[in-house]
Amino acid sequence: AVLKTAMRVCCIGPASTALNLSSGAANHRRASTGRSPARPLSASPYSWQPPTVLPCQGVSGKHTVSGLGHLQCTPNSDASVPHPDTSERSSSEVTDARAHWFDQLTEEQRLMLMGDWGWVGLAGATLPPGISPVALLKALPPEMREHSTRRACLGLAAPLALMAAGYAWMWFYHSIIPLWQQLPCWLAIGTGYAGLFNIAHECARGAFLPGYPQTQNLLGALIMAPSLFSLDTWRIRAFNHFNTVNMLGSDTTTWHPLTLEELQCAGPLHRKALRLVATTPLKLFSSLAEWARGLQGWDLNTYYGPLRERVMSSWVPPALWLGLGLPLLMLASGGVSGLFTHWLAPLLVFHAWLSLFSLLQHTAPHIPWRSTAQHDLAQAIISGTVTIQLPVWLEWLLNYPNYHLPQHLLFSDVPFYHAKAATQALREKLGPYMQETSLSVKLLQNHINKWQVYDESQEKYITFEAALQALGNAADQVHNPAVPASN
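Quick caveat, the model's predicted, so the values are computed rather than measured.

Caption draft 1: Highlighting the overall build of the chain. Each helix and strand counted, the chain has 20 helices and 7 strands in total. Out of the 487 residues in the chain, the part that is buried amounts to 52%. Contacts in the chain between residues far apart in sequence, at least 24 positions, make up 77% of those at least 6 positions apart. In the structure as shown, the chain presents an accessible area of about 22,000 Å², 64% of it carried by carbon and sulfur atoms.

Caption draft 2: Structural view of the packing of aromatic side chains. One pass over the structure, following the stated rule, counts 16 aromatic pairs. Measuring from centroid to centroid gives 6.4 Å for W117 and W451, while their planes differ by 85°, and the two rings are edge-to-face. Taken together, the residues W117 in helix α3 (residues 107-117) and W451 in the loop between α19 (441-449) and β6 (453-455) connect sequence positions 334 residues apart. An identical accessibility class is assigned to W117 and W451; each is buried. Judged by centre distance (5.0 Å) and plane angle (75°), the rings of F416 and Y417 are edge-to-face. An aromatic cluster is built from W101, F102, W117, W119 and W451, whose rings are joined through pairwise contacts.

Caption draft 3: Up close: the nonpolar core. Of all hydrophobic cores here, the largest spans 64 residues; its most connected members are W119, F350 and W353. Excluding residues within four positions of it along the chain, W353 makes contact with G190, T191, A194, L394 and L398. With 20 residues, the next largest nonpolar core counts A135, M144, L405 and M434 among its residues.

Caption draft 4: Spotlight on helix α5 (residues 149-173). With 25 residues, α5 should reach 36 Å at 1.5 Å per residue; the first-to-last C-alpha distance of 37 Å fits that figure. Along α5, the residues that are buried comprise A152, G155, A158, P159, M163, G166 and M170. Residues of α5 that are buried in the fold lie against α6 (179-204), α14 (336-360) and α16 (392-398).

Caption draft 5: How the structure looks around the side chain of Q435. Here Q435 is to be found in strand β5 (residues 435-438). Here H366 takes part through its side chain, which lies 2.6 Å from a polar atom of the side chain of Q435. Here the side chain of Q435 touches S383 through a polar contact of 3.2 Å, landing on its backbone oxygen. Ignoring sequence-local partners within four residues, the contact set of Q435 consists of W119, L122, A123, G124, A125, H366, I367, I382, S383, T385, V386 and T387.

Caption draft 6: Region of the structure containing the packing of α6 against helix α8 (residues 231-243). As a packed pair, α6 and α8 sit with axes 9 Å apart at the nearest point and diverge in direction by 75°. When the axes of α6 and α8 are compared, the pair comes out roughly perpendicular. Contact residues: α6 offers F197, A200, H201, C203 and A204, while α8 offers L231, W234, R235, A238, F239 and F242. When the residues that make up the contact of α6 with α8 are grouped by side-chain class, the tally is 9 nonpolar, 1 polar and 1 charged.

What counts as what
Residues numbered from 1 in each chain as written. Predicted model: local features only at pLDDT ≥ 70, side-chain atom pairs only at ≥ 80, totals over all residues. Heavy atoms only, no water. Helix = DSSP H or I, 4+ residues; strand = E, 2+ residues; numbered from the N terminus. Buried < 20%, exposed > 50% of the residue type's maximum accessible area, 1.4 Å probe, protein only. Contact = heavy atoms within 4.5 Å. Areas by Shrake-Rupley, 256 points an atom, 1.4 Å probe, with all protein chains shown as cover. Phe/Tyr/Trp six-rings, centres within 6.5 Å; stacked < 30°, edge-to-face > 60°. Core = buried A, V, L, I, M, F, W, Y, C linked by side-chain atoms within 4.5 Å. Expected span 1.5 Å × (residues − 1). Polar contact = N/O pair within 3.5 Å; in protein donor to acceptor, adjacent residues only side chain to side chain. Axes fitted to C-alpha atoms, helices over the stretch in contact; angles between N-to-C directions. Parallel < 35°, antiparallel > 145°, perpendicular 65-115°, else oblique. Nonpolar A, V, L, I, M, F, W, Y, C, P; charged D, E, K, R; others polar.

Just geometry here; none of it tells us what the structure is for.
Following this line, the structure appears as structure tokens:
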């Protein structure tokens, strides 16, 4: 029921304009749209099905999006569901608000910027505004939603085998294992657990064993327990992320950039802490902050009443691991040092993977984060989600978390073992609007050294020092309007 409700909420966006998504067309023309009253919600919130005809409003003109095939949307005011934050704005206001500086560059200028960024792959333009996420479902073939118990079990076995190999090596040498051999063991165990955690994520969104929901929930809870995450808290926060992809102030459950406004409101000590995280490799462990925010699950006031009992019960496995699992591990491994080598060090490797994907999939100089009033869900899904290319063997061990885009489209419909093929199907039809790059040292250096603070007004990332200078100039302007602002 929660999955269906989340899917329903996801597809309530700005009413689609007419679409002529013809193959081979490289340019799009923006259509003017009228407004129609919102359709009242169904008495049963779980009976929603994607409409066979895309909902539209009064239309004059067409959108042309390269490669999506022919999808003609006819005006139908009864089927349109305007977004509550944009239904009172005209089409020209929506278009102007969503224009982005990267779309105005020539191909040569884009290639030069991509070289400076360390970006090797696709850096697409912004998807035309006003397209309902329902229209994007047409881009995926039906077989991408088929589930295979055999492939699901294989995805569970591979990371478990990697973790077992790392632990077996450490237990074989026990107290005499040198540090240089412990390091690859930590990498193997942490990487294996990262792949295992992706299985727990599949369980949270109902895509691992959809025919066995109780088994799925139990498996996900047990996998998350050693990392002290709660399955239901993770599930609720993931649904919030799917509904508010790259929305300023709302999409705070996986990764949210440090904004100029947040920096302005921070006190001296808070600014020092923000500088430490934003300008050093500590940024690559930001998922620790996500874990800390997950502890808000103990505050039942943050959850809808009927969910509170379930949220609290989902903390039982992490509590048991903390109260029983860790003491037993200390006894079996030789005390505090064994706790570090067998749990904490591999856990930090896992958090490095989790932070890396959360950061890279939602951060790039040409990917805007926008307020609720300017947010377009379809744009954020297609043009605001980055696919990271990794070696094939590493993708397989990690269970393909680098192909995150299909999850944004369909929630629980596309299992992890179809994520790569589903991304390829989307690339064939929406390639000019997608973001894709290989992992490189230069890209990570830019994330740490250059893309530190997000300037909402200019929709770009600046360095921490430039942000402080901009705030200082703004303060000088307030106290002395005669002083011109410096660039």
